[in-house]
Amino acid sequence: MASAYLTHQQKVLRLYKKSLRHLESWCIFRDKYRFYACMLRARFDENKNEKDMVKATMLLKAGEEEFWTNQHPQPYIFPDSPGGTSYERYECYKVPEWVLEHWHPSEKAMYPDYFAKREQWKKLRMQSWDKEVAQLEAETPPGGPRTEALPPARKEGDLPPLWWQFVTRPRERPT
Amino acid sequence: MHPTSLMMTSSLIIIFVILTYPVLTTLSPRPQDPHWALSHVKTAVKLAFFVSLLPLFLFLNEGLETIITNWNWMNTATFDINISLKFDHYSVIFTPIALYVTWSILEFASWYMHADPDMNRFFKYLLIFLITMIILVTANNMFQLFIGWEGVGIMSFLLIGWWHGRADANTAALQAVLYNRIGDIGLIFFMAWVAMNLNSWEMQQMFAVAKDMDLTYPLLGLIIAATGKSAQFGLHPWLPSAMEGPTPVSALLHSSTMVVAGIFLLIRMSPLMENNQTALTTCLCLGALTTLFTATCALTQNDIKKIVAFSTSSQLGLMMVTIGLNQPQLAFLHICTHAFFKAMLFLCSGSIIHSLNDEQDIRKMGGMHRLTPFTSSCLTIGSLALTGTPFLAGFFSKDAIIEALNTSYLNAWALALTLLATSFTAVYSLRVIYFVSMGHPRFNPLSPINENNPTVINPIKRLAWGSIIAGLLITSNIIPIKTPIMSMPAVLKLAALTVTILGLLLALELATLTNKQFKPTPTLTPHHFSNMLGFFPTIIHRLTPKLNLFLGQAIASQTIDQTWLEKSGPKALTNLNLPMITTTSNIQQGLIKTYLSLFLLTLTLALLISY
């Protein structure tokens, strides 16, 4: 169960990964990158059996500071990642599902099977809505939800809460 | 009417009709043909290009220039505004070039944007942009030029923010509009000054009446307008941010046509600038600073489109330098040749980006010469033309500019900056080719890469032809207005070539060093200065809003609340009265002695006053 605080191991691993990524941004050719990545791994491995937590935290802090001074100002970001060149590019083509309600009957008549099935799905949604809300109200802690993750369905035959939004989400790449 | 002038005027009007027709077809309520973009727009531009060759040949053969006044729009007793098209040397040559480049880009865009559901709207925007650009270029009066100026600005906004679901694209579009608006302040100031003092916005009258006037202020306004539109130093950050738009937009607007509008304005107004040394020196120094600064920024960028964008900005600085040397025709020549190879560089990079599934970072490209030999060859040809390789297109304009700079007795500092920027051009061009075409691929082989689509290859081929022969064609057929200096010491003549070769050798050395990589990170300070674009956007984009917000807060809380409430209103009254009240209430101590002494005091005073 994840909490708001990171463990020491998580912090070290995060530092390792981001320093590898920034090293990749600096060392463009893979063989040179592999060499310096191995050197970096050796530096991390040197201190991996440190038992004194104070010293370990001081080493981590020194590592973070070294990272900060040596980071790349334009690290390589994958195009679809946040900050990348094609991130959210197709958001403007993502249409919500309720638009289908507003189709003209002549347009709906072009896909009779789909819309017939859609009516059944909508009925299922109406039926399970109260149970979903009840489950969410029961499971939310008093101070408000801690994470964005939704709980799974607990009882047999129930649907997970807010399943409609998930099932009818637009495609990742509409075009 | 003489048949030649009839042919000229009618073909020019036909160009406008051909280009506006597809836009008008979109107004009809009929559902649009999905192939409208290709069948209507591309055909219209192609046809308009071939029609525009007729006025071009008439001009080359007979020196025929036309001014067509179509419509008396708003005419008062003292001021006329007409729809008036001027087809002189500059617009007659620029229009076919713009149409040729646009034709190639539209054909490329039909491949690049084929998966886009709104491709028809995209082509419509590009066509409206082209129409407004031609309005700007052929304007004979400032009002029409301003219509074109604003039109290209608006279309730039719409096209940069094409993928409006992306926050960065919206920010970039807004940035373009704001920076251009600041430039517009200069243009409007110029127009106002001219309307008041020269009493007309028609160019002929402006040039005739302004012969002996001191034009420093309006010319500075014009220079500010050109700084905004042509991304000179100070108002330049919008151009690299504009790379958020799709590659056809970058190729058309932000390399060949829209960004040269500022320089074109200065070229049009060159008769006004000829005798004003302040304006010329400002242009020279601003251009030199721009060309060096943006070339420095281009050295360490990793996004291929940003490198080409900074390269465009650097060449625009060079055009500004040429204007500062009082050589408008040479600047115009550079606009024409630059359009070809820069558009081709963008199309090649767009082809590579699409083949690699939207990968724009050169750190993850490589080995494209084996995978896409034609595209990488054209990238090389474009880069060679950009650096001024002898006898390619860029050589005729760039070398002439550097020669003129060398042989003029003007600012040596500007000369040094420009030569340094020329060497940097070679450095970053080699950097692009080294990381993109040479070596081994540094990306995953996720999809097959091929060049078998003629919609991509034909436009690049056409632009490659243009990059190779355009310089030769234009210089062979145009009679120069100013005599170029023909004899100069060999050192000056070969300066540009020497500096470029030195830059190339330096870049090769740096590439070898990168290959060996003796340490993981380079010397950080100069790298960071170049990579973070001189920290200019970092500072300006945070400082200006912060100052504005603080000013707003100061006005709201101090000027309004504090002044009216505390210093002059209710609280002031309180502060005035409170000491008196406290003194008076402190006197009421409840002691008989105090009351008796007060009574005696008041009685004495009353007796003294009455007597």
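Residues numbered from 1 in each chain as written. Chains lettered and ligands numbered in written order. Predicted model: local features only at pLDDT ≥ 70, side-chain atom pairs only at ≥ 80, totals over all residues. Heavy atoms only, no water.

Q: Explain the overall build of chain B to me, please; I cannot follow it from the model alone.
A: Along the backbone of chain B there are 26 helices and 2 strands. Taken along the three principal axes of its C-alpha coordinates, chain B extends 115 × 75 × 65 Å. When the accessible surface of chain B is split by element, carbon and sulfur atoms take 70% of a total near 26,600 Å². Looking at charge distribution, chain B has the averaged site of its 31 positive side-chain charges lying 8 Å from that of its 26 negative ones. (Helix = DSSP H or I, 4+ residues; strand = E, 2+ residues; numbered from the N terminus. Areas by Shrake-Rupley, 256 points an atom, 1.4 Å probe, with all protein chains shown as cover. Lys, Arg positive; Asp, Glu negative; His and termini not counted. Charge placed at Lys NZ, Arg CZ, Asp CG, Glu CD.)

Q: It is not clear to me how the environment of A:Ser81 should be interpreted in this structure. Could you clarify?
A: Residue and element names in this part refer to chain A. One can find Ser81 in the loop between helix 3 (53–70) and helix 4 (105–108). Residue class for Ser81 comes out partly exposed when judged on its relative accessible area of 23%. As for Ser81 and Leu100, which are separated by 19 residues in sequence, their C-alpha atoms are 30 Å apart. (Buried < 20%, exposed > 50% of the residue type's maximum accessible area, 1.4 Å probe, protein only.)

Q: Sorry if this is basic, but what is going on with the packing of helix 11 (residues 261–268) of chain B against helix 14 (residues 304–324) of chain B here?
A: Helix-helix packing is characterised by the crossing angle of the two axes and by the distance between the axes. Residue and element names in this part refer to chain B. Between helix 11 and helix 14, whose axes approach to 10 Å, the crossing angle comes to 10°. In terms of axis orientation, helix 11 runs roughly parallel to helix 14. In contact with Ile263, Leu266 and Ile267 of helix 11, helix 14 contributes Leu316, Met319, Met320 and Ile323. Considered class by class, the residues forming the contact of helix 11 with helix 14 number 7 nonpolar, no polar and no charged. (Axes fitted to C-alpha atoms, helices over the stretch in contact; angles between N-to-C directions. Parallel < 35°, antiparallel > 145°, perpendicular 65-115°, else oblique. Contact = heavy atoms within 4.5 Å. Nonpolar A, V, L, I, M, F, W, Y, C, P; charged D, E, K, R; others polar.)

Q: What am I meant to see in the domain arrangement of chain B here?
A: Reports of interface size often rely on the accessible area that becomes lost once the parts have come together. Residue and element names in this part refer to chain B. Examined at the domain level, chain B breaks down into domain 1 (3–516), domain 2 (522–568) and domain 3 (576–610). Each of domain 1 and domain 2 has a C-alpha centre, and these two points are 34 Å apart. Facing the 14 residues of domain 1 at the interface are 10 residues of domain 2. The contact between domain 1 and domain 2 buries some 880 Å² in all, and 66% of this surface belongs to carbon and sulfur atoms. (Domains from an automatic or database assignment. Buried area = accessible area lost by both parts, 1.4 Å probe.)

Q: Explanation requested: the interface of chain B and chain A in the structure shown.
A: The interface is formed by 36 residues belonging to chain B together with 31 residues belonging to chain A. Across the chain B/chain A interface, buried area totals approximately 3,000 Å², and carbon plus sulfur atoms make up 56% of it. When the area that chain B buries against chain A is broken down by residue, the three leading residues are B:Arg166, B:Asp358 and B:Arg363, summing to 22%. Here chain B and chain A share 3 salt bridges between them. (Salt bridge = Lys/Arg side-chain N within 4 Å of Asp/Glu carboxyl O.)

Q: Can you help me understand the packing of aromatic side chains in this one?
A: The relation between two aromatic rings is expressed through the spacing of the ring centres and the mutual angle of the planes. Residues and elements named next belong to chain B. This model, assessed by the stated rule, comprises 36 aromatic pairs over all chains. Between Phe108 and Tyr112, the ring centres sit 5.7 Å apart and the planes meet at 25°, which makes this aromatic pair stacked. With Phe108 and Tyr112 both in helix 3 (residues 89–112) and 4 residues apart, this pair spans about one turn of that helix. With respect to burial, Phe108 and Tyr112 carry one shared label: buried. Aromatic pair Phe122 and Phe123: ring centres 6.4 Å apart, planes at 65°, arrangement edge-to-face. In this structure, Phe122 and Phe123 share a single accessibility class: buried. Among the aromatic residues, those joined into a cluster by ring pairs are Phe49, Phe50, Tyr100, Trp103 and Phe340. One residue, Lys229, lies across the ring of Trp149, its end atom 5.0 Å from the ring centre. (Phe/Tyr/Trp six-rings, centres within 6.5 Å; stacked < 30°, edge-to-face > 60°. Lys NZ or Arg CZ within 6 Å of the ring centre and 35° of its normal.)

Q: I tried to follow the UniProt feature "domain: Complex 1 LYR protein" (unreviewed entry) in chain A on my own but got confused; where do I start?
A: When the UniProt feature table is mapped onto this chain, "domain: Complex 1 LYR protein" (unreviewed entry) is found at residues 10–68 of chain A. Taken as a whole, residues 10–68 of chain A contains 85% helix and 0% strand, while its terminal C-alpha atoms sit 18 Å from one another. (UniProt positions renumbered as here; feature names shortened; annotations may be inferred.)

Q: Looking at this model, I keep getting lost on the state of the cysteines. Mind explaining?
A: Cysteine pairs can be covalently joined through their sulfur atoms, and such a bond is termed a disulfide. Residue and element names in this part refer to chain A. All told, the structure shown has 0 disulfides over all chains when counted by the stated rule. Not part of a disulfide, Cys27 finds its nearest cysteine sulfur in Cys38, a span of 12 Å. Its relative accessible area of 1% is what places Cys27 among the buried residues. A residue is classified by how much of its surface remains accessible, and Cys38, at 44% relative accessible area, is partly exposed. (Disulfide = S-S within 2.5 Å.)

Q: What is the right way to read the UniProt feature "domain: NADH-Ubiquinone oxidoreductase (complex I) chain 5 N-terminal" (unreviewed entry) in chain B from this model?
A: Under the feature "domain: NADH-Ubiquinone oxidoreductase (complex I) chain 5 N-terminal" (unreviewed entry), the UniProt entry names residues 73–123 of chain B. For the annotated span residues 73–123 of chain B, helix accounts for 57% and strand for 22% of the residues, and the straight-line distance between the end C-alpha atoms is 30 Å.

Q: So what exactly am I meant to see when it comes to the nonpolar core here?
A: A general tendency of soluble globular proteins is for nonpolar side chains to be buried together. Counting residues in hydrophobic clusters, the biggest one holds 195 residues, and the most contacted among them are B:Leu19, B:Met142 and B:Met269. In terms of residue count, helix 15 (residues 328–355) of chain B provides more of this core than any other element does, 17 residues in total. Those residues in contact with B:Met142, other than ones at most four positions away along the chain, are B:Leu187, B:Phe190, B:Met191, B:Trp201, B:Met203, B:Met206, B:Leu265 and B:Met269. Listed in part, the 10 residues of the second largest apolar core include A:Leu20, A:Trp26, A:Tyr36 and A:Ala37. (Core = buried A, V, L, I, M, F, W, Y, C linked by side-chain atoms within 4.5 Å.)

Q: Help me out: how do you make sense of the environment of B:Leu174 in this one?
A: Tracing the backbone shows B:Leu174 in helix 6 (residues 167–197). The spatial distance from the C-alpha of B:Leu174 to the C-alpha of B:Phe157 is 6.9 Å, given a sequence separation of 17 residues.

Q: Would you mind showing me how to read the pattern of salt bridges here?
A: It is possible for side chains bearing opposite charge to pair when their charged atoms get close. Within the structure shown, the criterion is met by 26 salt bridges over all chains. A salt bridge links B:Asp358 to A:Arg173; its shortest N-O distance comes to 3.8 Å. In this pair, B:Asp358 sits in the loop between helix 15 and helix 16 (368–371) while A:Arg173 sits in the segment after helix 6 (163–167), so the two residues belong to two different chains. According to the relative accessible area criterion, A:Arg173 is partly exposed, its value standing at 44%. With a closest N to O distance of 2.8 Å, B:Arg166 and B:Glu244 form a salt bridge. With a gap of 78 residues between them, B:Arg166 in the loop between helix 5 (142–160) and helix 6 and B:Glu244 in the loop between helix 9 (238–241) and helix 10 (247–256) connect regions that are remote in the sequence. Assigned by exposure class, B:Arg166 and B:Glu244 land together as buried. Here the salt bridges do not stand alone but share partners, grouping A:Glu97, A:Glu101, A:Arg118, A:Glu119 and A:Lys122 into one network.

Q: How do you make sense of the pairing of strand 2 (residues 80–87) of chain B when you look at a structure like this?
A: Residues in a regular strand point their side chains to alternate faces of the sheet. Most of strand 2 of chain B sits inside the fold, with 6 of its 8 residues counted as buried. Counted between consecutive antiparallel strands, the loop separating strand 1 (residues 66–75) of chain B from strand 2 of chain B contains 4 residues. (Pairing = 2+ DSSP bridges.)

Q: Just checking my understanding: could you explain unusual backbone geometry for this structure?
A: Of all residues except glycine, most have a negative phi; of all peptide bonds, most are trans. All names here are of chain B. Here Asn199, not a glycine, exhibits a phi torsion of approximately 65°, which is positive. Notably, Asn357 is not glycine yet its phi reads approximately 60°, a positive angle. As for its position among the elements, Asn357 is in the loop between helix 15 and helix 16.

Q: Even after reading the chapter, I still don't get the environment of B:Ser313, so can you show me in this structure?
A: Residue and element names in this part refer to chain B. Here Ser313 is to be found in helix 14. Judged by relative accessible area, Ser313 falls into the buried class, the value being 2%. With 73 residues separating them along the chain, Ser313 and Pro240 place their C-alpha atoms 8.7 Å apart. Beyond its immediate stretch of four places on either side in the chain, Ser313 contacts Ala231, Leu239, Thr290 and Thr294.

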